[in-house]
Amino acid sequence: QAMMVPGGRIYEQREATCRALDQIPGITYTKNHAAFYLFPKVDVKKFNITSDKQFAMDVLHGTNILFIPGSGFDWDAPDHFRLVMLPDPDTMYDAIMRIGKFLETYRQA
């Protein structure tokens, strides 16, 4: 439980992740309270996304950052992905900001 309060490892990893996600237009999420992951939602119209698997592969190829598309968890729409928050806060923040930079010009073909 001490890991989920300010200064705790999980708390700080989540806060860094959320601070970065908040800066990406077209990405929303519900803040978790006791998990190692988030399940952000992507504005599929903004990015012309029809395949979450292709989206995940495009992000991987463009940033070297891997996440699991929502369909990997039986999510029907191509509008979510699962993001694991295990790296340290600085690494998480940097990775999410790299995804945000990638999305500045991304439109699924």
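Above this note sits the structure.
Residues numbered from 1 in each chain as written. Predicted model: local features only at pLDDT ≥ 70, side-chain atom pairs only at ≥ 80, totals over all residues. Heavy atoms only, no water.

A.B. asks: Quick rundown of the overall build of the protein? Include the residues and the values.
C.D. replies: If you tally the helices and strands in the protein, you get four helices and five strands. When the helices and strands of the protein are placed in sequence order, the string is α-β-β-β-α-α-β-β-α. In terms of C-alpha radius of gyration, the protein reaches 14 Å, essentially the compact-globule figure of 13 Å for 109 residues. Seen through its principal axes, the protein has C-alpha atoms that stretch 45 × 25 × 20 Å. In the protein, which comprises 109 residues, the share counted as buried stands at 40%. In the protein, the proportion of contacts linking residues at least 24 apart, taken out of those at least 6 apart, comes to 60%. Of the roughly 6400 Å² of accessible surface on the protein, 55% is carried by carbon and sulfur atoms. Here the protein contributes 12 positively and 13 negatively charged side chains, and the mean placements of these two sets differ by 2 Å. (Helix = DSSP H or I, 4+ residues; strand = E, 2+ residues; numbered from the N terminus. Rg over C-alpha atoms; globule rule 2.2 N^0.38 Å. Buried < 20%, exposed > 50% of the residue type's maximum accessible area, 1.4 Å probe, protein only. Contact = heavy atoms within 4.5 Å. Areas by Shrake-Rupley, 256 points an atom, 1.4 Å probe, with all protein chains shown as cover. Lys, Arg positive; Asp, Glu negative; His and termini not counted. Charge placed at Lys NZ, Arg CZ, Asp CG, Glu CD.)

A.B. asks: A description of helix 3 (residues 52-63) should follow, citing residues and the corresponding values.
C.D. replies: Its twelve residues give helix 3 an end-to-end C-alpha distance of 16 Å, which sits within 8% of 16 Å, the value for a rise of 1.5 Å per residue. Within the sequence span of helix 3, burial applies to D52, F55, A56, D58, V59 and T63. Taken down its axis, helix 3 places every buried residue within 160° of arc, on the same side. Exposed side chains of helix 3 directed beyond 90 degrees from the buried face belong to K53 and H61. Where helix 3 ends, the next residue or the one after it, N64, has phi of about 65°, a positive value. (Expected span 1.5 Å × (residues − 1). Arc of directions from axis to C-beta.)

A.B. asks: Go over the pattern of salt bridges with me, naming the residues and quoting the values.
C.D. replies: Between side chains of opposite charge, a pair can form when the charged atoms approach closely. Applying the stated rule across the entire model yields four salt bridges. Residue E15 is joined to K31 by a salt bridge in which the shortest nitrogen-to-oxygen separation is 3.0 Å. Of this pair, E15 sits in helix 1 (residues 9-21) while K31 sits in the loop between strand 1 (27-28) and strand 2 (37-38), and the two are 16 residues apart along the sequence. The class for K31 is partly exposed, based on a relative accessible area of 34%. (Salt bridge = Lys/Arg side-chain N within 4 Å of Asp/Glu carboxyl O.)

A.B. asks: Let's hear about the sheet that holds strand 2: which residues, and what values?
C.D. replies: What the three strands build is an open sheet, ordered 2-5-4; its pairing is antiparallel. The open sheet is flanked by strand 2 and strand 4 (68-69), the only strands paired with a single partner. Across two bridges, strand 4 lies against strand 5 (residues 81-84) in antiparallel orientation. Residue P69 lies in a different strand from strand 5, and its bridge partner there is F81. (Pairing = 2+ DSSP bridges.)

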